[in-house]
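In case you want the letters, here they are:
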Amino acid sequence: MPALSEAHMLTPHSPEPFDKELCELVLAIAPRIFAVVQECEVRPGLKDGCVAAWGMAFHEGPVHVIAADGTGQMVLNSPERALRWFTRGGGEEGLTVRLVWLSRAGSAAFDHAEAA
């Protein structure tokens, strides 16, 4: 049985079936994209928030996180570990840090313009 990240198929005269299988493979193992958001209560009943970082979680393996301002990058074992990093040193009382996951895309294409 092929590994989850591989596609094996005899290519007939037309490449369409294999191309379809490759696109399905890409969708199956695509990394999940998330944001690390920071929230704080400015005054009672009024919250403020920002995106502190962007992350990419792979099916199996490391999680890559980069600060939204581009000043730092890290490789972690889980997305939840990023929460610790963006809670530290905030100095703000009542700072809440959460993960916001982007929805998975439902299609894949070989052409960049077609995929956008």
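Below is a short write-up of the structure. (Residues numbered from 1 in each chain as written. Predicted model: local features only at pLDDT ≥ 70, side-chain atom pairs only at ≥ 80, totals over all residues. Heavy atoms only, no water.)

All right, on to helix α2 (residues 79-87) then. Within α2, burial applies to Pro79, Ala82 and Phe86. Projection of α2 onto a plane perpendicular to its axis shows the buried side chains occupying an angular sector of 35°, all on one side. Check the buried side of α2 and you find it contacts β1 (32-43), β2 (46-57), β3 (63-67), β4 (73-76) and β5 (96-101). (Buried < 20%, exposed > 50% of the residue type's maximum accessible area, 1.4 Å probe, protein only. Helix = DSSP H or I, 4+ residues; strand = E, 2+ residues; numbered from the N terminus. Arc of directions from axis to C-beta. Contact = heavy atoms within 4.5 Å.)

Here we take up a nonpolar patch on the surface. There is a patch of nonpolar side chains on the surface, built from Ile33, Val51, Trp54, Met56, Phe58, Ile66 and Leu102 and spanning about 530 Å² of accessible area. If you tally residues by element for the nonpolar patch, the top one is β2, at 3 residues. Position of tryptophan 54 relative to the elements: it lies in strand β2. Tryptophan 54 gets classed as partly exposed once you look at its relative accessible area, which sits at 38%. (Patch = residues over 30% accessible without salt bridge, like charges linked within 9 Å, V, L, I, M, F, W, Y side chains within 5 Å. Areas by Shrake-Rupley, 256 points an atom, 1.4 Å probe, with all protein chains shown as cover. Salt bridge = Lys/Arg side-chain N within 4 Å of Asp/Glu carboxyl O.)

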